[in-house]
Amino acid sequence: MARPKKQFPPVREKFIGFRVTEDLYETLAHDAASANLSISEYCRRLIAGRKINYQAPIIHNDSAIVEELKDINKLGSNMNQIARFLNQGGTITDGIADELRESIRLLTGSCIKINKAVEEE
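In what follows, the accompanying structure is described. What you see is a predicted model, and the numbers here were worked out from it, not measured in a lab.

### Considerations on the nonpolar core
- Core analysis: the biggest nonpolar cluster contains 7 residues, these being Leu28, Ala32, Ala35, Leu37, Tyr42, Cys43 and Ile52.
- For this core, the elements supplying multiple residues, two or more each, are α1 (22-34) and α2 (39-48).
- When residues no more than four places from it in sequence are discounted, the contact partners of tyrosine 42 are Leu28, Asp31, Ala32, Ala35, Leu37, Ile52 and Tyr54.

So, in structure tokens, the structure goes:
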């Protein structure tokens, strides 16, 4: 006889209902909305002690700013790779020094472009 299959996600068989004050409800509703979860799912995760990932609010939705932020992220990744290499005992060469200078120059330029784009909005 075959083993019975598990249901995924597990069926929620039990119901827990409780009353809260208006202030607590608004706090739960606000926190659940900022985590992009229903109030029920938010409460389940709180009770289970699971991590809740809150969505960062979008301040600017300009495509130019988004592209510059992507470029900054790439530059940060490159600089982290260089730092990891140097921290593992690597020696700094002219090529690495030039790459760091270029990354800093590009980073400064990106910051200036973002500042201009934000000021224009």
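### Digging into α1
- Its 13 residues give α1 an end-to-end C-alpha distance of 18 Å, which sits within 8% of 18 Å, the value for a rise of 1.5 Å per residue.
- Just past α1, the residue asparagine 36 takes up positive phi, approximately 60 degrees.

### Considering unusual backbone geometry
- Here the phi dihedral of asparagine 36 falls at roughly 60 degrees; this positive angle occurs in a residue that is not glycine.
- Given the relative accessible area of 61%, asparagine 36 is considered exposed.

### Things to note about the side chain of serine 110
- Among the secondary structure elements, serine 110 is positioned in helix α4 (residues 94-120).
- Given a relative accessible area of 6%, serine 110 falls into the buried group.
- Apart from the residues lying within four places of it in its own chain, the contact partners of serine 110 are Glu68 and Ile72.

### Regarding the pattern of salt bridges
- The tally for this structure, following the rule as stated, stands at 7 salt bridges.
- Lysine 113 is the salt-bridge partner of glutamate 68, the closest N and O atoms lying 3.8 Å from each other. Placement of glutamate 68 in helix α3 (residues 63-87) and of lysine 113 in helix α4 is noted, with a sequence separation of 45 residues between them.
- For the salt bridge of arginine 101 with aspartate 98, the shortest nitrogen-to-oxygen distance reads 2.9 Å. Here arginine 101 and its partner aspartate 98 are both found in helix α4, 3 residues apart, which amounts to about one turn of the helix.
- When salt bridges that share partners are traced, they join Arg12, Glu41, Arg44 and Arg45 into one network.

### So, a nonpolar patch on the surface
- A surface patch of nonpolar side chains, about 510 Å² in accessible area, is lined by Ile16, Phe18, Val20, Leu24 and Tyr25.
- Tracing the chain through its elements places valine 20 in the segment before α1.
- Judged by its relative accessible area of 32%, valine 20 falls in the partly exposed class.

### Let's talk about α3
- Given a rise of 1.5 Å per residue, 25 residues ought to cover 36 Å, and the 36 Å separating the end C-alpha atoms of α3 matches this to within 8%.
- Within α3 the residues assigned to the buried category are Ile65, Glu68, Leu75 and Ile82.
- Glycine 89 lies just past α3 and shows a positive phi near 100 degrees.

### What about the environment of leucine 106?
- Assignment of secondary structure puts leucine 106 in helix α4.
- According to the relative accessible area criterion, leucine 106 is partly exposed, its value standing at 37%.

The rules behind the values
Residues numbered from 1 in each chain as written. Predicted model: local features only at pLDDT ≥ 70, side-chain atom pairs only at ≥ 80, totals over all residues. Heavy atoms only, no water. Core = buried A, V, L, I, M, F, W, Y, C linked by side-chain atoms within 4.5 Å. Buried < 20%, exposed > 50% of the residue type's maximum accessible area, 1.4 Å probe, protein only. Helix = DSSP H or I, 4+ residues; strand = E, 2+ residues; numbered from the N terminus. Contact = heavy atoms within 4.5 Å. Expected span 1.5 Å × (residues − 1). Salt bridge = Lys/Arg side-chain N within 4 Å of Asp/Glu carboxyl O. Patch = residues over 30% accessible without salt bridge, like charges linked within 9 Å, V, L, I, M, F, W, Y side chains within 5 Å. Areas by Shrake-Rupley, 256 points an atom, 1.4 Å probe, with all protein chains shown as cover.

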